[in-house]
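Listed below, chain by chain, are the residues.
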Amino acid sequence: MKTIAARPYEYTFDPAHTAVVMIDMQRDFLEPGGFGAMLGNDVSQLAGIVPACARLLALARAQGMTVIHTQEAHDPQLADCPPAKRARGRLECGIGDRGPLGRVLVEGEPGAWFVSELLPQPGDIVLRKPGKGAFHATGLDAILHGRGITHLLIGGVTTEVCVQTTMREANDRGYDCLLVTDCTASYFPAFHAAVVEMVVAQGGIVGWAAPLAAVEAAFA
Ligand code: C5J
């Protein structure tokens, strides 16, 4: 068992029953010309976490933990994209339309793939998801049950959208989740900070939070 110095109190886990879930570190969210930029965001806000995410993934692989990369993307016919999602934002170029990184948030397009520093490695799992939460309309729960996973270390983007939604979904399904605070970011730093506080408030009502250094220290 390993123990991380976390908030609101220590987080104890067995790496054999723990997965690192890296949420949506896709070009569409981190690079100019992608979906995040089309929504009017300053995508440079997210670049700072990439090195820490790479360290977390490397640690997980070295320790034999399950690694899951989620990918917010739709099938090319948009059969799994609710019209309401597509319409949201009244974008001139939105989900399914052709932009500088290919069709926006569509599986198989350059923008839907991961940033070059965080590419999936052999043995990693790539999970396409049509929603914000990684459990919605995916096989994630079955994958985790099949591997005996009970604990999740979560990073990725954006903190208050796909990361928080996934963490809440996981918490309700009985997983003990730790948010790795410097492996997740938002276009809005205040939202990021608020989510960290929401997670750990009320005795860890959604889970735990700790920086990557604390995760690494648990293995030192
Ligand atoms: C958003 C995400 N923000 N991955 N997706 O639409 O957080």
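See the structure above.
The model shown is predicted, which means the values in this text are computed figures rather than measured ones.

About the criteria used
- Residues numbered from 1 in each chain as written.
- Predicted model: local features only at pLDDT ≥ 70, side-chain atom pairs only at ≥ 80, totals over all residues.
- Heavy atoms only, no water.
- Patch = residues over 30% accessible without salt bridge, like charges linked within 9 Å, V, L, I, M, F, W, Y side chains within 5 Å.
- Areas by Shrake-Rupley, 256 points an atom, 1.4 Å probe, with all protein chains shown as cover.
- Salt bridge = Lys/Arg side-chain N within 4 Å of Asp/Glu carboxyl O.
- Helix = DSSP H or I, 4+ residues; strand = E, 2+ residues; numbered from the N terminus.
- Buried < 20%, exposed > 50% of the residue type's maximum accessible area, 1.4 Å probe, protein only.
- Near = heavy atom within 4 Å.
- Polar contact = N/O pair within 3.5 Å; in protein donor to acceptor, adjacent residues only side chain to side chain.
- Nonpolar A, V, L, I, M, F, W, Y, C, P; charged D, E, K, R; others polar.
- Expected span 1.5 Å × (residues − 1).

A. Representation of a nonpolar patch on the surface within the structure. Together, Trp113, Leu119 and Val126 make up a nonpolar patch on the protein surface, roughly 240 Å² of accessible area in all. In this fold, Trp113 is placed in the loop between strand 6 (102-103) and strand 7 (125-129). A relative accessible area of 38% places Trp113 in the partly exposed class.

B. Up close: the site of the ligand. The immediate surroundings of the ligand are formed by Asp24, Phe29, Glu72, Lys132, Val157, Thr158, Val161 and Cys162. Between the ligand and the protein, one listed contact pairs an oxygen atom with a backbone N or O atom of Thr158 at 2.9 Å. The fraction of the free accessible surface of the ligand (230 Å²) that becomes covered by protein chains is 93%. Of the residues assigned to the shell around the ligand, the class counts are 4 nonpolar, 1 polar and 3 charged.

C. Inspection of the pattern of salt bridges at higher detail. Applying the stated criterion across every chain yields a total of 11 salt bridges. The partner of Arg128 in a salt bridge is Asp80, with the nearest N and O atoms 2.8 Å apart. Here Arg128, found in strand 7, pairs with Asp80, found in the loop between strand 4 (66-72) and helix 4 (83-87); they are 48 residues apart in sequence, far enough to count as distant. Residue Asp80 is classed as partly exposed on the basis of its relative accessible area, which comes to 23%.

D. Fine view of helix 7 (residues 189-204). In a regular helix each residue adds 1.5 Å, so 16 residues correspond to 22 Å; helix 7 covers 21 Å between its end C-alpha atoms and thus fits that length. Every buried residue of helix 7 is accounted for by His192, Val195, Val196, Val199, Val200 and Gly204.

Such coordinate-based values are descriptive only and should not be taken to indicate function.
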